[in-house]
Amino acid sequence: MYHEFIKPFPKDFLWGASTSAYQVEGAWDEDGKGPSVIDMGKHPEGTSDFKVASDHYHRYKEDIALFAEMGLKAYRFSIAWTRIYSKGIGEINEKGIAFYNDLINELLSHNIEPIVTMYHFDLPYALQEKGGWSNRETVDAYENYAKTLFKYFGDRVKYWLTINEQNMMTLHGAAIGTLDPNIENLQKELYQQNHHMLLAQAKAMKLCHEMCPNAKIGPAPNITSIYPVSSKPEDVLAASNFSSIRNWLYLDAAVFGRYNSIAWSYMEEKGYTPVIQEGDMEILKSGKPDFIAFNYYSTSTVAESKNDPSDKNSTGDQQIAIGEQGVYRGVSNPYLEKTEFGWEIDPIGFRSTLREINERYNLPLLVTENGLGAYDKLEEGDVVNDDYRINFLRKHIEQAKLAITDGVNLIGYCPWSAIDLVSTHQGFSKRYGFIYVNRDEFDLKDLRRIKKKSFYWYKDVIESNGEKI
Ligand code: BGP
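Residues numbered from 1 in each chain as written. Predicted model: local features only at pLDDT ≥ 70, side-chain atom pairs only at ≥ 80, totals over all residues. Heavy atoms only, no water.

1. Comments concerning the packing of helix H14 (residues 387–406) against helix H15 (residues 453–463)
Between H14 and H15, the least distance of the axes is 8 Å, while the angle of their chain directions is 25°. Between H14 and H15, the angle is such that the two are roughly parallel. Read as a crossing pair, H14 and H15 show a hand that is right-handed. Of the residues in H15, those touching H14 at Asp 387, Arg 389, Ile 390, Leu 393, Arg 394 and Ile 397 are Lys 453, Ser 454, Trp 457 and Val 461. Of the residues assigned to the contact of H14 with H15, the class counts are five nonpolar, one polar and four charged. (Axes fitted to C-alpha atoms, helices over the stretch in contact; angles between N-to-C directions. Helix = DSSP H or I, 4+ residues; strand = E, 2+ residues; numbered from the N terminus. Parallel < 35°, antiparallel > 145°, perpendicular 65-115°, else oblique. Left-handed = near helix turned anticlockwise from the far one by under 90°. Contact = heavy atoms within 4.5 Å. Nonpolar A, V, L, I, M, F, W, Y, C, P; charged D, E, K, R; others polar.)

Okay, here's the thing in structure tokens:
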């Protein structure tokens, strides 16, 4: 739709930026923190582990001062479950509580709104050893953890996110590093785990409303429009299949407390349906989100399935569809350019994704990730000319504005990432931040912070409330 008049961003728009605990904090075994599945996992050859990361745990004050200088109105970060409970449950680790108390207070002293992800891929390893999300006890452990977070931080945190990218943990756990290699009957088990996470999420949403009546809570999946490769009806159906399996399964459960019927029939066909105990559907219905947060990097394009094994690619990740026999084939979109890491760049797809979610759920939307991973170069005089990142973000912000003009209730935009950090599976060289961290894949150098060109650009964007992009 062409608009003659473009609406401005709302006055109290949450201009923010994002990180996650295990990718930015480091201090992986300090002050009583227990190991998570990420700490115990294998890292792809040639990429950094997460032990030191960006050393934010020790430098958060300096980092927050920089966020404040950039003008951030919000900072979306995650709490490491293993800092609060080293084994996922049991005795509270006071040092973990103290760290996040300090972090939250530091943000508030700079007028930066904390947006807290309660769980971002880093399940406590002690829970994994007992079956992880396959074990229903993990639902109780998460509920107990949620209760602790609301009790200690609920007086100051107004925005909570239950689980980061539950859909990607289900579909791409191998790439992300959350998949338990010992699982048998993999797909079926993954949907059982997914069911347990949905229960955990519903319980947390209910609890949040009871314990923190002034706070808001929502899910944070990775959502994207799915395009059919052509107008051939079979391609369109394949896109509908994938959209239900990748997107709506998760959001329908979070918002309506029910399973998406197309995703359910897919699970039935494949023999993946989870065991649903008596009372589970009531639990799902009992938790309601106040908003939908979602991560957006790219759209996905699919074609009709040939119903043979060639439907499936050998690899995939958060943005590269694997494909599934009899359901859809992942293809690339000839109209889109790709990042250096092979993800398609689609700002207009951002607008359609916003519109689709808005139309289905009619809830406020919060973008919790969007950004460009690139090999940045530190030049003489501590300069990083990341014009490609500015260009990427500018085009997405333009589309966000159009989506607002279309009628979408967008309340905030938190690009990935506030500062350089370790990528989920592609090491430190795949950088996303507004702030450069001086380290290499294995050489930690001095970890000093350097403002990139995009830092100054984003500062202007925020200062002008999105008018100067
Ligand atoms: C999302 C994750 C983030 C982040 C981002 C970029 O899926 O929520 O944790 O890592 O993707 O992905 P990557 O690091 O693989 O480039």
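The structure having been displayed, the exposition proceeds.
2. Points about the pattern of salt bridges
Within the structure shown, the criterion is met by 29 salt bridges. Residue Lys 451 pairs with Glu 69 through a salt bridge whose shortest N-O separation is 2.8 Å. Of the two residues, Lys 451 sits in strand E13 (residues 449–451) while Glu 69 sits in helix H3 (residues 56–70), which places them 382 residues apart along the sequence. Linking Arg 258 and Asp 252 is a salt bridge whose minimum nitrogen-to-oxygen distance equals 3.8 Å. You can call Asp 252 buried: its relative accessible area is 1%. (Salt bridge = Lys/Arg side-chain N within 4 Å of Asp/Glu carboxyl O. Buried < 20%, exposed > 50% of the residue type's maximum accessible area, 1.4 Å probe, protein only.)

3. Re the site of the ligand
What surrounds the ligand is a group of 16 residues, the closest being Gln 23, Glu 165, Thr 424, Lys 430 and Tyr 432. Gln 318 is positioned such that a nitrogen or oxygen atom in its side chain is 2.9 Å from an oxygen atom of the ligand. One of the side-chain N or O atoms of Thr 424 is found 2.5 Å from an oxygen atom in the ligand. In isolation the ligand exposes 370 Å². Once the protein is present, 100% of that is buried. (Near = heavy atom within 4 Å. Polar contact = N/O pair within 3.5 Å; in protein donor to acceptor, adjacent residues only side chain to side chain. Areas by Shrake-Rupley, 256 points an atom, 1.4 Å probe, with all protein chains shown as cover.)

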